[in-house]
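# Geometric and topological summary
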Amino acid sequence: MAHIKLPEFEDMTPSIQDRARPILEKTGKLGEIFKLMAMDEKVYFATDMMIQKYLLDETTLSYDTKEAIALLVSKENGCKMCVDVHKGIAKMLGLSDEKIEKILQGVDAMNIDAKEKALLNFCLRAAQKDSYKILKEDIDAIRDLGYSDAQILEAVAITGYFNYINTLSNVFGLGE
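Worth saying up front: this structure is predicted, and the values here are computed from it rather than measured. (Residues numbered from 1 in each chain as written. Predicted model: local features only at pLDDT ≥ 70, side-chain atom pairs only at ≥ 80, totals over all residues. Heavy atoms only, no water.)

### A short note on the overall build of the protein
Summing up its helical and strand segments, the protein has nine helices and zero strands in all. Listing every helix and strand of the protein by position from the N terminus yields α-α-α-α-α-α-α-α-α. The C-alpha atoms of the protein give a radius of gyration of 17 Å, which matches the 16 Å a tight globule of 176 residues would have. Dimensions along the principal axes, computed over C-alpha positions, put the protein at roughly 50 × 35 × 30 Å. The 176 residues of the protein split such that 40% are buried. Contacts spanning at least 24 positions in sequence make up 65% of the contacts within the protein whose residues lie at least 6 apart. For the protein, the computed accessible surface area is about 9800 Å², with 56% contributed by carbon and sulfur atoms. (Helix = DSSP H or I, 4+ residues; strand = E, 2+ residues; numbered from the N terminus. Rg over C-alpha atoms; globule rule 2.2 N^0.38 Å. Buried < 20%, exposed > 50% of the residue type's maximum accessible area, 1.4 Å probe, protein only. Contact = heavy atoms within 4.5 Å. Areas by Shrake-Rupley, 256 points an atom, 1.4 Å probe, with all protein chains shown as cover.)

### Here we look at helix α5 (residues 80-92)
Taking 1.5 Å as the rise per residue, α5 with 13 residues should run 18 Å; its terminal C-alpha atoms sit 18 Å apart, in good agreement. Considered for burial, the residues of α5 that qualify are Met-81, Cys-82, Val-83, His-86 and Ala-90. Against the buried residues of α5 lie α2 (32-37), α3 (41-56), α4 (63-76), α6 (97-105) and α9 (149-171). (Expected span 1.5 Å × (residues − 1).)

### With respect to the packing of α4 against α5
Two numbers describe how α4 lies on α5: the axes approach to 9 Å, and their chain directions differ by 160°. With respect to each other, α4 and α5 are oriented roughly antiparallel. The hand of the α4/α5 crossing is left-handed. Contacts between α4 and α5 involve Glu-67, Ala-70, Leu-71, Ser-74 and Lys-75 from the former and Cys-82, Val-83, His-86, Lys-87, Ile-89 and Ala-90 from the latter. Here the contact of α4 with α5 is composed, by residue class, of six nonpolar, two polar and three charged. (Axes fitted to C-alpha atoms, helices over the stretch in contact; angles between N-to-C directions. Parallel < 35°, antiparallel > 145°, perpendicular 65-115°, else oblique. Left-handed = near helix turned anticlockwise from the far one by under 90°. Nonpolar A, V, L, I, M, F, W, Y, C, P; charged D, E, K, R; others polar.)

### Some details on the environment of Ile-103
When you line up the elements, Ile-103 lands in helix α6. Spatially, the C-alpha atom of Ile-103 lies 9.3 Å from that of Glu-67, the residues being 36 residues apart in sequence. Beyond its immediate chain neighbours, meaning those up to four positions away, Ile-103 contacts Ala-68, Leu-71, Leu-72, Leu-95 and Met-110.

### What about the packing of aromatic side chains?
Under the defined criterion, the tally for this structure stands at five aromatic pairs. When the centroid spacing of 6.4 Å and the interplanar angle of 75° are considered together, the rings of Tyr-54 and Tyr-161 count as edge-to-face. With Tyr-54 in helix α3 and Tyr-161 in helix α9, the pair connects residues that are 107 residues apart, well separated along the chain. Here Tyr-54 falls in the partly exposed class, since its relative accessible area comes to 25%. (Phe/Tyr/Trp six-rings, centres within 6.5 Å; stacked < 30°, edge-to-face > 60°.)

### Let's talk about the packing of α4 against α9
Contact pair α4 / α9: the axes reach a minimum separation of 9 Å and the direction vectors enclose 40°. In terms of orientation, α4 lies oblique with respect to α9. In terms of crossing hand, the pair formed by α4 and α9 is right-handed. In this structure, α4 uses Lys-66, Ile-69, Ala-70, Val-73 and Ser-74 to contact α9, whose residues at the interface are Glu-154, Ala-155, Ile-158, Thr-159, Phe-162, Asn-163 and Asn-166. In the contact of α4 with α9, the residues fall into six nonpolar, four polar and two charged.

### Brief notes about the nonpolar core
Counting residues in hydrophobic clusters, the biggest one holds 51 residues, and the most contacted among them are Ile-33, Leu-120, Phe-162 and Ile-165. Sorting the residues of this core by element identifies α1 (14-27), α2, α3, α4, α5, α6, α7 (114-126) and α9 as the ones contributing at least two each. Considering every element that reaches this core, the biggest residue donor is α9, with seven residues. Apart from residues lying up to four places away in sequence, Ile-33 is in contact with Met-81, Ile-165, Leu-168, Ser-169 and Leu-174. (Core = buried A, V, L, I, M, F, W, Y, C linked by side-chain atoms within 4.5 Å.)

Shown next, in the form of structure tokens:
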């Protein structure tokens, strides 16, 4: 139960209702994170844009990599709700239950190449409170593995997005 009263569909603004209606019709419910963001149109639409551009649109990183970042960062941040949601999304995107469980066991348990392991470990490092200690050399090491600056930026942006959404979920007690 959330720590604050979350709005129901009928209490949302018409523009958010327009966005929510297809979700509600398809799934029969709106998730708590959706309801939380619906409390403020600016927060909702800014967050929705990030979801669309970082996670749902085709980008320079594969959906598998983006979902691995989502799951790893959310687990690291103790966001049970986000882990549960992204297990479902990862499955919907074609990741097997076995692959999802390997991701949740950590980067070293995953059956991926050293290049992707390095990127995922870099993202976990970037998710930490002391990310300001990341040096140019750390970024150069990821670039030297073959990642472009745009891919590194995208990976860090996704990491930052999950720090943001995990904070919202954790602070307001969503998914408990």
